[in-house]
Amino acid sequence: MSLLLTLADTLSQNLRRLDSQFPDGTSPHLWDARPCPALDDVRQLPPQEAFDLIDKIRVDLKAVEALIVPSHFRLVELGLLQYKVAALNTVVSLDVANALTELGGQASLHDLAVKVQTNEHKLGKVLRMLTAEYIFQEVSKDVFKHSRHSIALSGSKGASSFMSFITDLGMRAALGISNDLRLPETRDSFSEKTAPFVKEVSKDGTTFFEYMMNPDNAEMVTLANDGVQLTRCALLTDYPWGDLGDATVIDVGCGAGDSGIDVMKKYPRLKWTFQDFDHVLKTVKENIPDELQQNVNDGSIQFVQQDYFQPNASRGDVWYLRGVLHEYTDEDVVKILTHLAAAMHETPGSRMIINEVFVASPVIMPATSSFSTSAPSDYIPRKQSALADMANAMTWSTFSLFGGKERSYAEYQDLLNQSGLKVSRFYRFRTFTVMLECELA
Ligand SMILES: C[S@@+](CC[C@H](N)C(=O)[O-])C[C@H]1O[C@@H](n2cnc3c(N)ncnc32)[C@H](O)[C@@H]1O
């Protein structure tokens, strides 16, 4: 059977299986200007089987595209993707989604252009870049209407602020990636000081972290919080926090402490030690909500100033590192992990949990397989972030702005082994992050 027919059969089967995952009348819609309840609420996750099917279907749909599009068009189209990004950036900065809502959810191009004060012809071209992605829809010539995805850009708490960040500052930083890999002074660097943001955007040595902390750019912190929502529900749901009972979790390099706070709200029996520098802990203390104040008063929540490059003073059952290790070179990661392994020796049975984005291979084709007639979705590796393509894009986004090094499962395994630890379990979340559980070797 040809690859085209294999894909036709596999997609047909998987789409039918996916449809059966949605109870009657809840199958995803596209044209109605409202979110799809089963998929578009960041506070809930689709069932595991539906999530896996969606991942597979997307890989096979890309294969169909790659199969039927001539190489010269395929490559040029990929090279022109910046115009999609620019279109998204334009509708966000002109606030087209809210304008369309105010015009009743459907409007002529003329009325829309008048409302957002731009040129009608250019706006039409921008909108059509997006209707091709089913963001907005053209319902008759030059008449545009909201779709399920464009409605997400409207409202004061819509996706638009995060979109404006990744399509503007993110795009500018991304332009520095090829030079970063090419130039001898940056190609082996994972430092925030040489990150593409510094070279392409700030140009005066200001790092992205310093830029974020500048009170003039206060909106950056809110934006970062919007990004967090893409992974938070999976962090709370796909790791068995409830099985930890009343264990003590040490939140190493806790930052604002938001993930620990959310975990404790859901699992109030847990004891929690926030570790970071004093000035950071001050903010964490301010962030503790009323419902957890009693845990502070009775000592179930503690705040400990701790440099993770020094021997660790705390004792605990679960050592939690979220978004910490990707900031460091391999040598520094081994230093941090070795100190933590020494502390874990003080509490028999303790474990470490590492929450990161893992570098992922969208598809790995064994050279000996009958791949030419199998669907690529049968070759998605499991020990990595799900949504591989999105996960990898996220790693580039982080690197372009902050520097640092996101790693694969095998790379983490190697660093853990060098530090006296070993992987005990792997949790592939229903998002692009994972949890790696480890114990003393
Ligand atoms: C990328 S943030 C991660 C924050 C948090 N875990 C989260 O998930 O949002 C890294 C944190 O590590 C802290 N940090 C940096 N160097 C440190 C060190 N040597 N010892 C302890 N904490 C450190 C920073 O202050 C920052 O809050």
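Cut-offs applied
Residues numbered from 1 in each chain as written. Predicted model: local features only at pLDDT ≥ 70, side-chain atom pairs only at ≥ 80, totals over all residues. Core = buried A, V, L, I, M, F, W, Y, C linked by C-beta atoms within 7 Å. Buried ≥ 20, exposed ≤ 12 C-beta atoms within 10 Å, placed from the backbone. Helix = DSSP H or I, 4+ residues; strand = E, 2+ residues; numbered from the N terminus. Contact = placed C-beta atoms within 7 Å. Axes fitted to C-alpha atoms, helices over the stretch in contact; angles between N-to-C directions. Parallel < 35°, antiparallel > 145°, perpendicular 65-115°, else oblique. Left-handed = near helix turned anticlockwise from the far one by under 90°. Domains from an automatic or database assignment. Pairing = 2+ DSSP bridges. Right-handed = clockwise from strand over helix to strand, strands pointing away.

> Is there a simple way to think about the nonpolar core in this case?
In globular proteins that are soluble, nonpolar side chains generally tend to be buried together. Core analysis: the biggest nonpolar cluster contains 51 residues, and W319, Y320, L321, L340, M352, I354 and A391 have the highest contact counts within it. Here this core gets 7 residues from one element, more than from any other, and that element is helix α17 (residues 330-344). Sequence-distant contacts of I354, defined by excluding residues within four places in its chain, comprise L321, L325, Y412, M435, L436 and C438. Within the second largest apolar cluster, 19 residues are counted, among which are A97, L100, A113 and I135.

> In this structure, what is going on with the packing of helix α1 (residues 3-20) against helix α2 (residues 48-68)? I would like to understand it.
Two quantities define a packed helix pair, namely the angle between the axes and the distance from one axis to the other. Direction vectors running N to C along α1 and α2 enclose 155°, while the axes themselves pass 10 Å from each other. In terms of their interaxial angle, α1 and α2 are classed as roughly antiparallel. The interaxial crossing formed by α1 with α2 has left-handed handedness. Contacts from L3, L4, L7, T10, L11, N14, L15, R17 and L18 of α1 reach α2 at A50, L53, I54, K56, I57, D60, A63, V64 and L67.

> Whenever I open this one, the domain arrangement of the protein confuses me. Can you help?
Interfaces are often sized by the accessible area lost when the parts come together. Domain parsing of the protein yields domain 1 (3-74), domain 2 (80-167), domain 3 (169-221) and domain 4 (227-358 + 407-440). Computed over C-alpha atoms, the centres of domain 1 and domain 3 are 35 Å apart.

> Please explain the pairing of strand β7 (residues 318-322) as it appears in this structure.
Put simply, side chains in a regular strand alternate between the two faces of the sheet. The buried count for β7 comes to 5 of 5 residues, which makes it a mostly enclosed element. Residues V318, Y320 and R322 point to one face of β7 and W319 and L321 to the other, with burial holding for every one of them. Across 3 bridges, the pairing between strand β4 (residues 248-252) and β7 is parallel. In the sheet register, V249 faces β7, and the bridge partner there is V318. Pairing analysis gives 5 bridges linking β7 to strand β8 (residues 351-357), with the strands arranged parallel. Its bridge partner being in β8, Y320 is matched across the sheet by I353. Following the chain from β7 across α17 to the adjacent parallel β8, one finds a crossover that is right-handed.

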